[in-house]
Amino acid sequence: MSLTRFAVRHWQLTLVAFLLAALLGVQSFLSIPRSVDPQVPFAAAITTAVLPGADAAEVEETVAKPIEDVLQGLDYVKEVSSSSSDGVAVISVEFIHGTNAEQALDRTIREVTAIRSQLPQGLTRLDFRRPRPTEAAVIQLALVSKDASWRRFEKYAGDLRDALNVVGGVRSTSVYGLPRPEVQILLDPGRMAEAQLASTAVVAAIQAGGIDLPAGAVHSQGRRLNVDAGGAYRQLDDIRAVLIRGGSGRLLRVGDVARVEWGEPEQLVLNRFNGQRAVFVAVKQKDNVSAPVLRDALISKVAEFRAALPPDMSLQVGFDQSNDIQRRLGELARDFSIALALVLITLLPLGFRASLVVMISIPLSLALGVFMLARFGFTLNQISISGFVISLGLLVDDSIVVTENIERHLRDGEEPEAAAIAGTREISAAVLGSTGVLMFAFLPIAFLPEGAGDFVRGLPVAVLSTVASSLLISLTIIPFIASRLLKRETDPHGNRFLRFITAGIERLYQPLLHRALDNPKKTLLGTAAACLLVFAAVPLIGFSLFPESDSPYFVVQVQAPEGSGIAVTDKAVRDVSAMLAQEPEITARMENVGRGNPQIFYNNIPREDDTSYGEIFVTMREWSPRESPRMIDRLRARLSHYPDAAVKVVRFENGPPIEAPVAIRVQGPELGMLKQLSAQIAQIMTAVPGLRDVHNGLAVDRVDLDLGIDQTKASLLNINSDAVRRAVRLALNGERASTLRDSEGDSYPVVVRYPYQDHPPLSLLSTIYVPTQAGGIVPLREIATPTLKSGPSLIRRFKLERSNTISADLETGYLSSKLNAAVVEKLGKMPFPPGYHWSVGGTAKAANESTSGLGGVTLLAIFGIFGVLVAEFGRFREVLVVAGVIPLGLVGGLIALLLTGNSMSFLASIGFVALIGIEIKNSILLVDFTTQLRARGLALREAIEKAGEIRFLPVLLTSVTAIGGMLPLALSGAPLYAPLAWVIIGGLVSSTLLSRIVTPVMYLLILRSSDKG
């Protein structure tokens, strides 16, 4: 017994399966994790090392190179890169795609920790992290106060962090822009000199008096008594009372030579929210957690915490990721409703009852698709949602074809049950073959390699799951429902809508088909010439990997002159923020001075500490496809004239992380030559129309101060070289000597340093005294001759070799593929010295990696499609006829891209894949029925004409419903998936119009010649 006969005859079991499928889908939809973007695992690890006071060259030599050497030896390493700047080294190791990300991070931590003793002792921070989409904050808060002390800020920010960390689904909560309060021992240089006391002696005395070490316990009369012998300091007076022996042997107290008070370290990071002093609190979610559910729990906690704040503090929500998710789901619901209405209208020729039968397949297929997507471990995000929207135009195809064939049997006078079984059986081979072809067409996309493949994998999985579900439903549930709902037609010509379409077919299509079959060669040659003409226009379209995001937020990057202090950068950020505040569509400005904004986009890694850099994260009311890009261009034009800093407005981009749309990496041993070559490359890129914001990291050197220590004189004075560095470091940056623990149990560092306001001035150097090995002190000025020196502000390395990347962004309306080709052409004429070479990065590199390794899967898909077709028809001639329809749809897709101004993006390419599957699907219906008619004894020409007339309606309905399903997506203007929708719409229009003529003509020519043979 066939599956269809079983489903119709055992309708009770079919009904139970129907209800089960619906309930599974609803349950999965309610429980599946939701996120804006796919949660793609990045097989990479980032090590950040902070060495205060060291220049870029010293950081490279002492930190970056040793760590690079050990990481390069790890298994499955793809590439190691690093950047060394003023006091900071960032070393990134990328592993071969498919490497377990957690294990990669563990190996990185183990190997770097093993060489910790070989790294400089002055390292204040050594952090490890793994980039992941969930590193992007699900919510970013701003704790705002005009007058609150930093110690109060620290108390409330810490309480807020603790309150949010216990919410289920939170990975971590981080506080940004908060200088950690500390107890400062501000040495008086005059009194220290008078007492012949070295600063290091003060540190040693405080360390000895504040050792936090349990003394043990004693026993008395059967009781155990813990002995309190002191430990961490509890009050400031305890520190002031610490005894020190001066150079003359006189006993002093710390309070005699220093001020002991609460303070903060030099503030190198500043934050403001809409111009008001603030600290930022960013909450990161765990993997496979639904962001909207987590957000609701977080907002509840925030409301509770806000109610307990003092009047001079407020807590603001600066960014909420769930707004994006709700917007995407709202757009899906809107597009789904519109598409559903359009599909219903297109089904009117089948009749109201038949339309209802077909419509049942839509929610059922989507329900099973969501269920399978959840079981495969995917989230509901903008990519998987795009897959379901694509499926909306595909999943009704099988049901339409089955229902239309059942209707035709009913019009021929059969009983409903017999018509359901016979009509489905007659068309089942074609349905199985066409759906198999469609699924094989999407197979390469599901196995795309590298980051781009991971990013889009949810789309083909959603399509494959939904289309496979629709196939099962069309062969079981649809015949069952049709046998119960559909009635025998009294009018063999159908309802008035069907009669209208039938009349159109007879009046327009039949004469045109007759004429084409009378002149088959001319028809085929004319069509081929038209296709070649359109294909010749492909270079005009251009290629882009992924478009810019249409999320209602962006960042403004502010780069002050190299070496600028925090005050200079702060002024530039304030000025730029004031200009942004004049835009009515902007709702919030999160200002960051000294570093980038906390990560809020899955592929955007924030910039580390840099006093010459600032960043403003800007949120808008909503993103308008028409008005918002104009506002961005307006801001770019206005801010480009700001005199005190280089200002760049940056929109976030979809897809895997890339450094810039156009990027050229030059490598070689010597920085001087690299700088010279980089300047030439930057000049070439600046001259290319369409490129803007050309950035060359070696363009400007950093100016620093060389103390010029006279080592000979220092030796004569019995001064150790380490003592000089320690004395200077203590004066400028401070040295942690102990810990103070307050009454609430919170611990604070006790730091010894020289007094200064905000930032250490140059004059501070003249007050520094260096200890001798004999116990005396010598003024630093006696052994130092300070001079200015220049050096690179940033040293990059790639694959253990020095490198520099020259990058550029695009003007609106330009494509990276064309501009990259223009740059590469000019670089090909540029001579390079031996040992120096260049390579392409940016979008071009990402595109090459995304398509590499695709050959095997593509071959599998091609041969799979042909295997299905051969199994369907048993001969290669019919397969050739079916495949001949492919260029007809490609022509329409290319024309649609040209007319709408879209490029051949990554998702547009996916649109062409889907289009090929739909085309072949429709062609199978025609060729399969023609073959059936010939098997029944009809002549070749007669079978072709009759099959063309009978199969015109189901092909027309499937194409129009697919177009209706894509239309809302195309008209939405969404940069990510609107091009995909236009490709399918344009291709279906051209394929539906042309293939109804060309496919019969090809069938006639190929089968006629074989019959003659």
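Read on for an overview of the structure.

Conventions we followed
Residues numbered from 1 in each chain as written. Predicted model: local features only at pLDDT ≥ 70, side-chain atom pairs only at ≥ 80, totals over all residues. Heavy atoms only, no water. Helix = DSSP H or I, 4+ residues; strand = E, 2+ residues; numbered from the N terminus. Contact = heavy atoms within 4.5 Å. Areas by Shrake-Rupley, 256 points an atom, 1.4 Å probe, with all protein chains shown as cover. Lys, Arg positive; Asp, Glu negative; His and termini not counted. Charge placed at Lys NZ, Arg CZ, Asp CG, Glu CD. Expected span 1.5 Å × (residues − 1). Pairing = 2+ DSSP bridges. Axes fitted to C-alpha atoms, helices over the stretch in contact; angles between N-to-C directions. Buried < 20%, exposed > 50% of the residue type's maximum accessible area, 1.4 Å probe, protein only. Arc of directions from axis to C-beta. Polar contact = N/O pair within 3.5 Å; in protein donor to acceptor, adjacent residues only side chain to side chain. Salt bridge = Lys/Arg side-chain N within 4 Å of Asp/Glu carboxyl O. Parallel < 35°, antiparallel > 145°, perpendicular 65-115°, else oblique. Left-handed = near helix turned anticlockwise from the far one by under 90°. Patch = residues over 30% accessible without salt bridge, like charges linked within 9 Å, V, L, I, M, F, W, Y side chains within 5 Å.

1. Side note on the overall build of the protein
- Helix and strand counts for the protein come out as 34 helices and 30 strands.
- Along the longest, intermediate and shortest principal axes, the C-alpha atoms of the protein span 125 × 80 × 55 Å.
- Here the analysis covers contacts within the protein between residues at least 6 apart in sequence; of these, 80% occur between residues at least 24 apart.
- Summed over its atoms, the accessible surface of the protein is roughly 42200 Å², and 57% of this surface lies on carbon and sulfur atoms.
- Side chains of the protein give 98 positive and 98 negative charges; the mean places of these two sets differ by 4 Å.

2. Observations concerning helix 22 (residues 566-580)
- Along its 15 residues, helix 22 runs 21 Å from first to last C-alpha, staying within 8% of the 21 Å computed at 1.5 Å per residue.
- In the core, the buried residues of helix 22 are packed alongside strand 13 (270-273), strand 16 (553-559), strand 17 (586-593), strand 18 (613-620), helix 23 (627-639) and strand 19 (646-650).

3. Re the sheet that holds strand 12 (residues 258-263)
- With respect to topology, 4 strands assemble into an open sheet ordered 12-7-24-23, the strand pairing being mixed. The open sheet has two edge strands, strand 12 and strand 23 (735-741), and neither has a second partner. Here the average twist between neighbouring strands, direction ignored, is 25 degrees.
- Sheet analysis places strand 23 next to strand 24 (residues 747-753), joined by 6 bridges and oriented antiparallel. Residue pairing across strands places Arg741 opposite Ser747, the latter belonging to strand 24.
- Against the sheet, helix 7 (residues 199-209) contacts strand 7 (182-187), strand 23 and strand 24, and its axis sits at roughly 30 degrees relative to strand 23.

4. A look at helix 4 (residues 101-114)
- For helix 4, with 14 residues, the first-to-last C-alpha span of 20 Å sits near the 20 Å given by 1.5 Å per residue.
- All of the buried residues along helix 4 are Ala101, Ala104, Leu105, Arg107, Thr108 and Val112. All buried residues of helix 4 fall inside an arc of 165 degrees around its axis, so they share one side.
- Summarising the contacts, the buried residues of helix 4 are in contact with strand 1 (44-50), helix 3 (56-72), strand 3 (88-95) and strand 4 (125-129).
- The N-terminus of helix 4 is capped by Asn100, whose side-chain oxygen sits 3.1 Å from the backbone nitrogen of Glu102.

5. Overview of unusual backbone geometry
- In this model, Asn274 sits at a positive phi of 50 degrees, which is unusual for a non-glycine residue.
- If you trace the backbone, Asn274 turns up in the loop between strand 13 and strand 14 (276-285).
- For Asn274, a relative accessible area of 29% puts it in the partly exposed group.
- Phi at Lys799 is positive, roughly 55 degrees, even though this residue is not glycine.
- Mapping Lys799 onto the fold places it in the loop between strand 28 (794-798) and strand 29 (801-810).
- Note on Lys799: relative accessible area 47%, which makes it partly exposed.

6. Regarding the pattern of salt bridges
- Under the defined criterion, the tally for this structure stands at 43 salt bridges.
- The closest approach of N and O atoms between Arg797 and Glu60, which form a salt bridge, is 3.3 Å. Remark: Glu60 occurs in helix 3 and Arg797 occurs in strand 28; sequence separation between them is 737 residues.
- On the basis of relative accessible area, Glu60 is assigned to the buried category, the value being 2%.
- Here the residues in one salt-bridge network are Arg272, Asp570, Arg574, Arg589 and Glu591, joined through shared partners.

7. Some thoughts on the packing of helix 20 (residues 520-535) against helix 31 (residues 886-900)
- The interhelical angle for the contact between helix 20 and helix 31, taken along N-to-C directions, is 40 degrees, at an axis separation of 10 Å. Regarding the angle of helix 20 to helix 31, the classification is oblique. In this structure, helix 20 crosses over helix 31, and the sense of that crossing is left-handed. Mapping the contact onto sequence places Thr527, Cys531, Val534 and Phe535 in helix 20 and Pro887, Leu888, Leu890, Val891, Leu894 and Ile895 in helix 31.

8. Quick word on a nonpolar patch on the surface
- The grouping of Val703, Leu705, Leu762 and Leu788 at the surface amounts to a nonpolar patch, some 420 Å² of accessible area in total.
- On the secondary structure map, Val703 appears in strand 22 (residues 701-706).
- The class of Val703 is exposed, set by a relative accessible area of 53%.

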